[in-house]
Structures are given as structure tokens and as C-alpha cells.
Amino acid sequence: MDGSVHQDLTVGTKRGSDELFSSVSNGPYIMSNTANGNDSKKFKGDIRGPGVPSRVIHIRKLPNDITETEVISLGLPFGDVTNLLMLKAKNQAFLEMNSEEAAQNMVGYYSTVMPIIRHHPVYVQFSNHKELKTDNSPNQERAQAALRALSTSHVDTAVAAPSSVLRVVVENLVYPVSLDALCQIFSKFGTVLRIIVFTKNSQFQALLQYPDGASAQAAKLSLDGQNIYNGCCTLRISFSKLTSLNVKYNNEKSRDFTRPDLPSGDSQPTMEHPAAMATAFTPGIISAAPYAAGAAHAFPPAFTIQPAGLTVPALPGGLASLSLPGATRLGFPPLPAGVCVLLISNLNPERVTPHCLFILFGVYGDVMRVKILFNKKENALVQMSDSTQAQLAMSHLSGQTLHGKSLRITLSKHTSVQLPREGHEDQGLTKDYSNSPLHRFKKPGSKNYSNIFPPSATLHLSNIPPSVVEEDLRMLFSSSGAMVKAFKFFQKDHKMALIQMGSVEEAIESLIEFHNHDLGENHHLRVSFSKSSI
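Each value, and the rule that gives it
Residue indices begin from 1 for each chain and proceed along its sequence in written order. Totals for whole chains, interfaces and linings use all residues, but because this is a predicted model, local features are given only for residues with pLDDT of at least 70 and pairs of side-chain atoms are given and counted only at 80 or more. Note that the side-chain values use all heavy atoms of the structure and ignore hydrogens as well as water. In DSSP terms, a helix is any run of H or I states spanning at least four residues, a strand is any run of E spanning at least two, and both are numbered starting from the N terminus. The cut-offs for exposure are 20% and 50% of the maximum accessible area for each residue type, with area from a 1.4 Å probe on protein chains only; residues under the lower value are buried, those over the upper are exposed, and the others partly exposed. Note on contacts: a residue pair qualifies if any of its non-hydrogen atoms lie within 4.5 Å across the two residues. Surface accessibility in these figures is a Shrake-Rupley result with a 1.4 Å probe; residues are shielded only by whichever protein chains are displayed. When a carboxyl oxygen of Asp or Glu is within 4 Å of a side-chain nitrogen of Lys or Arg, the pair counts as a salt bridge. Polar contacts, as used here, are pairs of N or O atoms within 3.5 Å; protein pairs need one atom able to donate a hydrogen and one able to accept it. Residues neighboring in sequence count only if both atoms are side-chain atoms. Strands are treated as partners if at least two bridges between them are detected by DSSP. Pairing of aromatic side chains here covers Phe, Tyr and the six-membered ring of Trp, requires ring centres within 6.5 Å, and sorts the geometry by plane angle: under 30 degrees stacked, over 60 edge-to-face, intermediate tilted. Within a predicted model, pLDDT stands for the predictor's per-residue confidence, ranging from 0 to 100. Under this scheme, a helix contributes an axis fitted over its contacting stretch, all axes are lines through C-alpha atoms, and angles between N-to-C directions fall in the 0 to 180 degree range. Residues forming no salt bridge and having over 30% relative accessible area are the ones grouped into patches, like charges within 9 Å of each other and nonpolar side chains (Val, Leu, Ile, Met, Phe, Trp, Tyr) within 5 Å. In this tally, Asp and Glu contribute negative charge and Lys and Arg positive charge; neither His nor the terminal groups of the chain are included. Charge placement uses NZ in Lys and CZ in Arg. For Asp and Glu, CG and CD serve respectively.

What about the overall build of the protein?
Right, so step 1: Helices and strands together make up the secondary structure of the protein, namely 10 helices and 27 strands.
Right, so step 2: Counting every position in the protein, which comprises 534 residues, the buried fraction comes to 55%.
Right, so step 3: Long-range pairs, those at least 24 residues apart, make up 69% of the contacts in the protein between residues at least 6 apart in sequence.
Right, so step 4: Working note: accessible area of the protein is about 22400 Å², and carbon and sulfur atoms make up 50% of it.

Here it is, written out as C-alpha cells:
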């Protein structure tokens, strides 16, 4: 694996694997000394540097009632699975991929986003073994049967697929789902040629076209019934009666990746079968600008500043982000139920405060508590109100620059942030924000859920009083030494404006400094990241 994925790994003394995995992001803890098909007792943990690439993947901490199908589904999004060894007594398995590259993609992905099976995290790393040799025991016969069944459905689908166009319905839409997020999820199974999103019968839906039926079949097999977010936004997928989509505009409602020359047009896109088109689009569902010209897997500029990750299915019950070179994270994988504490490392100890982390992470969810570690002030714990908000924050802020340092964010082993005991002063490094009036998402169905965007150089300002003019806001945002490149009031509503800073880093620090700034007349400025540019 390349150094970029494991740049923050450390090698320590031997200790319990749970503790080790809590302190490093899917660290280099390897437990694999045999892979010969016998449930032997030769397994011993050994600590070593980042795993040497191998086609064989070692998977640990599997649930007791794990099925062969579920284990195989961990590997299918990355390539063909050529062999499987189940060690159910040890809650472990070995998966052999068809190529070392597929295995590297798989381990790279699971090093940044922990796979979840039935709300339990499982651990994935390279095995010491270069190939699997399995016997004919009943256990292995079951594994081989599952492998044959899944491989057939995954690969040999061209004949069975009735259409290359899928109809996607998102049920239980608690959080917004964008056209771009759907593209990322479905692009792992083939090139997405065209996509249209719309609302019909009060349901958010999409029509999505692949170049062939095999890709559509593979996507339907793997994604139907999966949740985009933990416990909600469930995908229901069927084959469309349409044979192709006719897209006239490249915008937030429709996209034709084969025609980068199409206008962005304000009117609604049409199709060859107009009756299938919804009459209305849900405002606020869409969250990113059109893709860069041409490439089927290009990414919107707003996302190019983030770490690697394409969205792909991980397992039953959730979707996750796949690390591939040159890609950018867009999807929001599920966390185990109750995991809402994040460990933030590589902070600037001279400048970081609980308040600045509260404001920044509060863009993506309601922050309950923040603790900067007393003896290691470059590290902090941030407790969000739920696991989905924790994932949103981790997805959007990992790799962003704060006070000159690139943030590293992983799941914490802690289930909550403890307040200091009475009489124990910790220099104000721990703060409880559970009753803060600045929470953006405390109202159910808040419109803020529809306005969650990645950090960008352009900020959205709102709650501006009538007496405040452009020059006042330009002066305010440049008072900290940052550069204001552009400013624009909303034409119809001067309570809102866009302001473009010199860089994303400057915008992040400006948001922290000026969100809730008192502008007078009982108006406190609200600042968030914008999807638009000036």
C-alpha cells in the first residue's frame, strides 16, 4: 500500500487488538499464520509495519452468525473473489481476490472507512499468505457454493439484465441525497453514462443509465435494499422500461457524461419517454455543482480538496467510501450504532481551542462535547449527537487544513467524552456544548440538513441586518488578515450573501471566527460553506 493511506500508522508493543485498532486507523495488526482450510489453533497476533500486499485478505472480528455471502460481499465491489476460507470458530475469514490490485483497493478502502456488519466493525488487512488452499470439509464446500453463486450473479449477467437503465427510489429520506452522491455509489459497477433525479409521488427518485445490462444487473444485486446512511435513505432498485435516457442539460437535476458540451439550462430535463419524468424537483436535495467536463468519473471541484474515496456498497445495511488513487470522497458510510465520538489528530496545539472545533464540526452536526487532550494537545475528542453526524463530519473534514495543519480524523474507542471530575481543573480543555443555542440541527427536518456542503473558499452568510453593507462585511472578514476575493448579496434577499475568501483554509478559519458574530440590531451572523462560487 502506498504511504499516503497509512501516513499516520504507528507500530507499538503487542496488546489487545481492540485497543490497538482504536488508537490507529485500522492499524497494522496482523493475525494470520495459517490458511490451509483447517480451523487450527496456530493463530497468533504479530505486530509489524504496514502489510505487504497480497491477493489474500485477512478479515477478523466477524459476527458469530456471519454468512459466507456477507464475507464475499466485502470483496465483490473491488473485483472477483477467487477463494474463501471461513474460520467461524475464530470469527475470522480469508478472502482471495483475483488480483493484487483488487486486494490493494480493498485494503486501502477499509483502512479509511471501517466496514460494518450488523452494527459491528470488522477488521481487514493483508494476509501473510499469497494464495488460499482449501480442503473439502463441509464448511469449505458451503463457502465454495456461495462463491460460485455470487460470482455467477456478479459476472455473468449480460443475458439476464432486461435493461441498462435503473430506476432508483430512496425511501426513508431522513438526510439529503444528491445526484453526485448517487453517481459515486453506482459508478463502482460501471461507467454511469446519464442520470436524472426527480421527485414523484412524494418520493426522491433517479433514473440511471449504464452502457450495458451487466453493469446495471451488478449494481442492482449489490445495492438494492442498502442504506446510504445508517438506518435511513434506503435504496430500492428496479429495471426501467426505458432503454436509454435523453438528457438535455448538465446541472443538479440531470447529467450526461457523454455530452460535456450540454448547457446547464434552468428548465427541467426531458427524456425520450416524458411520462416517466417527474413534474417537480425537490429543492435542497441536490448538493453539488456539475462535474468537470467529460470524464465519466470526474469529480465536482468542490470535492477535489478531500482525501481518497469512491462510494461503493460495503455490506448489507450500509454504503461506504472506497479509496482509489486520485479519487475524492463523497459518500457517507455508516458507523456502528452509538459511535459518535471522533478522534482528531495533527491539530496545531498553539491555536486550537474547544470553541473552534465546536464551530467547525458543528457545520456537519450538533457537537455535544469537545476535549483537547491534556498531555497531547495536538489531539482532541469531539462527541457528535449521533453516528450519522459523526460520519458527515469525518467525511467532509478529513484532510482539510486548520491552522496550517492537515486534520486527521478517525473513530474513537470512547463512547462519550467525559467531563473533568468536580474539583479537577483541566485548563478549560474540556467543554460541554449539549445545551448550546448554536446547534444547527436540533429542529427535526431543519432546512440546514439540505445545506450540508464540503469546505469551500466561498461562504454563505445569512441573518444580515439591513444597516450592514458590503463594505462592512468585506472589512470584517479581512480584519483577521484573510483575503476577500469577491462578495455578492443575494438579489432578492439582502439578508443573505456569498463571500469568497482567498483559499479554503482561509474560509474555514473565517467561518470559525465569524459564525455567530454580533452585527448589531440583535442580528448574529450565520456562516456556512457554499456550493456556489461568485
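Next comes the rest of the write-up.
What about the pattern of salt bridges?
Right, so step 1: Under the definition given, this model contains 10 salt bridges.
Right, so step 2: Of the charged contacts in the structure, one is a salt bridge between E252 and K531, with a shortest N-O distance of 2.9 Å. Highlighted residues: E252 in the loop between strand 13 (232–239) and strand 14 (254–256) and K531 in the segment after strand 27 (526–529), separated in sequence by 279 residues.
Right, so step 3: Using a relative accessible area of 27% as the deciding quantity, one classes E252 as partly exposed.
Right, so step 4: Given a relative accessible area of 30%, K531 falls into the partly exposed group.

Points about the side chain of E70
Right, so step 1: On the secondary structure map, E70 appears in helix 2 (residues 68–75).
Right, so step 2: Within the structure, E70 has its side chain in polar contact with the backbone nitrogen of T67 (distance 3.1 Å).

Details of the pairing of strand 19 (residues 380–384)
Consecutive residues of a regular strand have side chains that alternate between opposite faces of the sheet.
Right, so step 1: Burial runs high along strand 19: five of the five residues are buried.
Right, so step 2: Burial along strand 19 is two-sided: A380, V382 and M384 and L381 and Q383, pointing in opposite directions, are all buried.
Right, so step 3: By the bridge criterion, four bridges tie strand 17 (residues 341–345) to strand 19 in an arrangement that is antiparallel. Following the sheet pairing, I344 is matched in strand 19 by A380.
Right, so step 4: Pairing analysis gives five bridges linking strand 18 (residues 367–372) to strand 19, with the strands arranged antiparallel. Across the sheet, V367 pairs through a bridge with M384, a residue of strand 19.

A word on the packing of aromatic side chains
Right, so step 1: Counted under the stated rule, the structure contains three aromatic pairs.
Right, so step 2: Ring centres of F477 and F514 lie 4.8 Å apart, and the angle between their planes is 50°; this geometry places the pair in the tilted category. Placement of F477 in helix 9 (residues 470–478) and of F514 in helix 10 (residues 504–514) is noted, with a sequence separation of 37 residues between them.
Right, so step 3: Ring centres of F487 and F489 lie 5.1 Å apart, and the angle between their planes is 85°; this geometry places the pair in the edge-to-face category.
Right, so step 4: Exposure remark for F487: the relative accessible area of 9% places this residue in the buried category.

A few points about the environment of K371
Right, so step 1: The topology assignment puts K371 in strand 18.
Right, so step 2: The sequence separation of K371 and V382 amounts to 11 residues, and the corresponding C-alpha distance is 6.6 Å.
Right, so step 3: Setting aside its immediate chain neighbours within four residues, K371 contacts N379, A380, L381, V417, Q418, D426, L429 and T430.
Right, so step 4: One polar contact links the side chain of K371 to the main-chain carbonyl oxygen of Q418, over a distance of 3.2 Å.
Right, so step 5: Among the polar contacts listed, one links the side chain of K371 to the side chain of T430, at a separation of 3.0 Å.

Topic: the confidence of the model for the protein
Right, so step 1: Considering every residue of the protein, the mean pLDDT works out to 75; 73% of them sit at 70 or more.
Right, so step 2: Mean pLDDT across the elements of the protein bottoms out in helix 1 (residues 17–23) (28) and peaks in helix 7 (residues 354–361) (98).
Right, so step 3: Note on residues 267–337: pLDDT under 50 across the span, and 248 contacts to partners over four residues away in sequence or across chains.

Describing the sheet that holds strand 18
One key point about sheets: their strands pair by backbone hydrogen bonds, in either a parallel or an antiparallel sense.
Right, so step 1: If you walk across this open sheet you meet the five strands as 22-17-19-18-23, and the pairing is antiparallel. Each having just a single partner strand, strand 22 (408–411) and strand 23 (430–432) make up the two edges of the open sheet. Looking at each pair of strands side by side, their axes are set apart by 20° on average, direction ignored.
Right, so step 2: Each of strand 17, strand 18, strand 19, strand 22 and strand 23 is contacted by helix 7, which is oriented at about 140° to strand 18, the strand it contacts most.

Focus on unusual backbone geometry
Right, so step 1: The backbone phi angle of K61 is positive, close to 60°, even though this residue is not glycine.
Right, so step 2: Secondary-structure assignment places K61 in the loop between strand 3 (56–60) and helix 2.
Right, so step 3: Among the residues examined, K61 registers a relative accessible area of 34% and is labelled partly exposed.
Right, so step 4: Even without glycine at this site, N463 takes up a positive phi of about 65°.
Right, so step 5: Residue position: N463 is located in the loop between strand 24 (458–462) and helix 9.

Focus: the pairing of strand 11 (residues 203–209)
Right, so step 1: Within strand 11, six of the seven residues are buried, which leaves the element mostly enclosed by the surrounding structure.
Right, so step 2: Here strand 9 (residues 165–171) pairs with strand 11 via six bridges, running antiparallel. Bridge assignment links V170 to a residue of strand 11, and that residue is F204.
Right, so step 3: As paired strands, strand 10 (residues 194–200) and strand 11 are joined by seven bridges and run antiparallel to one another. What sits directly across from V197, in strand 11, is A206.
Right, so step 4: Connecting the antiparallel pair strand 10 and strand 11 is a turn made up of two residues, with N201 showing a positive phi of about 55°.

Describing helix 10
Right, so step 1: Residues of helix 10 that are buried: A507, I508, S510, L511, I512 and F514.
Right, so step 2: Those residues of helix 10 hidden inside the fold are in contact with helix 7, strand 20 (401–402), strand 24, helix 9, strand 26 (497–501) and strand 27.
Right, so step 3: Phi turns positive, to about 70°, at N516, one or two residues after helix 10.

What to know about helix 5 (residues 179–187)
The periodicity of an α-helix, 3.6 residues per turn, causes residues three or four places apart in sequence to face the same way.
Right, so step 1: Burial runs high along helix 5: nine of the nine residues are buried.
Right, so step 2: Here helix 5 has its buried residues at L179, D180, A181, L182, C183, Q184, I185, F186 and S187.

Quick word on a positive patch on the surface
Right, so step 1: On the surface, K442, K443, K447 and R526 cluster together to form a positively charged patch.
Right, so step 2: One can find K447 in the loop between strand 23 and strand 24.
Right, so step 3: Residue classification places K447 among the exposed positions, given a relative accessible area of 67%.

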